[in-house]
2 protein chains.
Amino acid sequence: MADPIQQLTAALARLPGVGEKTAQRFVFFLLADRTGAAREIAHALARLADEMSLCRQCGFPSQGELCAYCSDPRRDGGLICVVQNPQDVLAIERTAEYRGRYHVLHGVINPLEGVGPDRLPIRELLARLDGVSEVILALNPTVEGDATALYLQRLISPAGVKVTRPATGVAVGMGIEYADKATLAQAINSRRGMG
Amino acid sequence: MADPIQQLTAALARLPGVGEKTAQRFVFFLLADRTGAAREIAHALARLADEMSLCRQCGFPSQGELCAYCSDPRRDGGLICVVQNPQDVLAIERTAEYRGRYHVLHGVINPLEGVGPDRLPIRELLARLDGVSEVILALNPTVEGDATALYLQRLISPAGVKVTRPATGVAVGMGIEYADKATLAQAINSRRGMG
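A short tour of the structure in this document, coming up.

The rules behind these values
- Residues numbered from 1 in each chain as written.
- Chains lettered and ligands numbered in written order.
- Predicted model: local features only at pLDDT ≥ 70, side-chain atom pairs only at ≥ 80, totals over all residues.
- Heavy atoms only, no water.
- Axes fitted to C-alpha atoms, helices over the stretch in contact; angles between N-to-C directions.
- Helix = DSSP H or I, 4+ residues; strand = E, 2+ residues; numbered from the N terminus.
- Parallel < 35°, antiparallel > 145°, perpendicular 65-115°, else oblique.
- Left-handed = near helix turned anticlockwise from the far one by under 90°.
- Contact = heavy atoms within 4.5 Å.
- Salt bridge = Lys/Arg side-chain N within 4 Å of Asp/Glu carboxyl O.
- Polar contact = N/O pair within 3.5 Å; in protein donor to acceptor, adjacent residues only side chain to side chain.
- Pairing = 2+ DSSP bridges.
- Buried < 20%, exposed > 50% of the residue type's maximum accessible area, 1.4 Å probe, protein only.
- Right-handed = clockwise from strand over helix to strand, strands pointing away.
- Least-squares fit on C-alpha atoms with pLDDT ≥ 70 in both.

**Digging into the packing of helix H3 (residues 37-51) of chain A against helix H1 (residues 4-12) of chain B**
Where H3(A) contacts H1(B), the two axes come as close as 9 Å, and the packing angle between them is 155 degrees. Classified by the angle between their axes, H3(A) and H1(B) sit roughly antiparallel to one another. Viewed along their axes, H3(A) and H1(B) form a crossing whose handedness is left-handed. On the side of H3(A), the interface is formed by Glu40(A), Ile41(A), His43(A), Ala44(A), Leu45(A), Arg47(A), Leu48(A) and Glu51(A), while H1(B) contributes Pro4(B), Ile5(B), Gln7(B), Leu8(B), Ala11(B) and Leu12(B).

**Quick word on the interface of chain A and chain B**
On the chain B side, the residues contacting the 48 residues of chain A number 48 residues. Taken together, chain A and chain B are joined by six salt bridges. The partner of Arg14(A) in a salt bridge is Glu40(B), and the shortest N-O contact between them spans 2.6 Å. At the boundary of chain A with chain B, the tally comes to eight residue pairs in polar contact (both at pLDDT 80 or more). At 14 residues, the largest contribution of residues to the side of chain A that touches chain B is made by H3(A).

**Notes on the side chain of Asp72(B)**
Residues and elements named next belong to chain B. Of note, Asp72 is situated in the loop between strand E2 (61-62) and strand E3 (76-83). A polar contact of 2.9 Å, which involves the side chain of Asp72, links it to the backbone nitrogen of Arg74. Sequence-distant contacts of Asp72, that is, excluding residues within four places in its chain, are made with Arg99 and Arg101.

**Some thoughts on the sheet that holds strand E4 (residues 100-104) of chain A**
All names here are of chain A. Strand order across the open sheet formed by four strands is E4-E3-E5-E6, with parallel pairing between neighbours. Strand pairing shows two members of the sheet lacking a second neighbour, E4 and strand E6 (162-164), which therefore form its edges. On average, adjacent strands in this sheet sit at an angle of 25 degrees to one another, irrespective of strand direction. Pairing geometry for strand E3 (residues 76-83) and E4, over five bridges, is parallel. Counted as the bridge partner of Val82 is His103 from E4. Sitting on the sheet, helix H4 (residues 86-95) is in contact with E3 and E4, with an inclination near 155 degrees to E4. Contacts from helix H6 (residues 143-156) reach E3, strand E5 (134-137) and E6, with the element oriented near 170 degrees to E5.

**A word on the pairing of strand E4 (residues 100-104) of chain B**
The element E4(B) is largely enclosed, with a buried count of five among its five residues. Handedness of the crossover joining E3(B) and E4(B) through helix H4 (residues 86-95) of chain B is recorded here as right-handed.

**Here we look at the relation of the copies chain A and chain B**
If you rotate chain A by 179 degrees and push it 0.0 Å along the axis, it lands on chain B with an RMSD of 0.1 Å. Such values leave the two copies arranged in the relation of a two-fold axis. Taking C-alpha positions as reference, the residue of chain A nearest the rotation axis is Ala42(A), located at 2.4 Å. In this assembly the copies share their binding face: 100% of the residues contributing to the interface of chain A also contribute to that of chain B.

Encoded structure:
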């Protein structure tokens, strides 16, 4: 069996954005630390595994069967916002603009990384469309996000449900000159009448 | 008590170079992961805490009382290389140039971060000088590393032990034009005769 340092390095290197070198730095930090950081992380990890799971309806992390959004009766059940990650839900919640429910894909279709539609909870999304009037595809405006949105739109539209995506364009408070070419082109093509 | 997500986010944010945002990304990754990464990390952390400690002589991580370097009789006990981190030991070992022992400070003197000499295992280093002919201060050539090296040199030299530091200069295989100003100045001042 690998020695404890190698074993923990390999385990931590599974975290997103963490390579071998960074993982090793974490391990040596934990070894030299005298304030119990290792035990604290281990305990919090065990608690997460024991107490948290994903909402069986929308996939957002939850301490019960249904998450806070799915179990909130004041939320508009006729509106579903599809996102890539739970972090996107938190970002949208911070705007206080949205009062519908969510559906978290935990990824997007990405053939290069071997993620096909069958790896995402798309069947679960389609099973929720009864009584839904609009699905907002709030996927990132990237190649993969756009492709996934198109794929979902083709499955959802035939059910007579309106499908929308958030607008893309120049960021609020940001100078036109600093917007990248693709964003600015989209912003000009999607220009809106004033007054 | 904080909910499990907040608790683990706070615990992971204690790792070096990990902020609140990165820690949150780790947590959401672990929540969505179905391959048992969380349990794997928790288990490896527990093993680390149970089986590993720091060598009581040199401070390098060890499964026993003495690390692999301190317990190796083929190592030259008359030579001690003082380093800032365990990673430095691994880097020096990769050169296969050094056959002495080590002393790991787990830091350098850094008044701005509240690290005084009393927070480093300097007494332990001085207690090891019996029978030692040379101490190599392989601390990083930074303001803090230089200051710590000077501090240690003043304590070690009176014991009649030779104190050295690794040379600084232009990196091997690197163009002169790409060396930073301070490095190049040092390299010219420390120029050596040829042939």
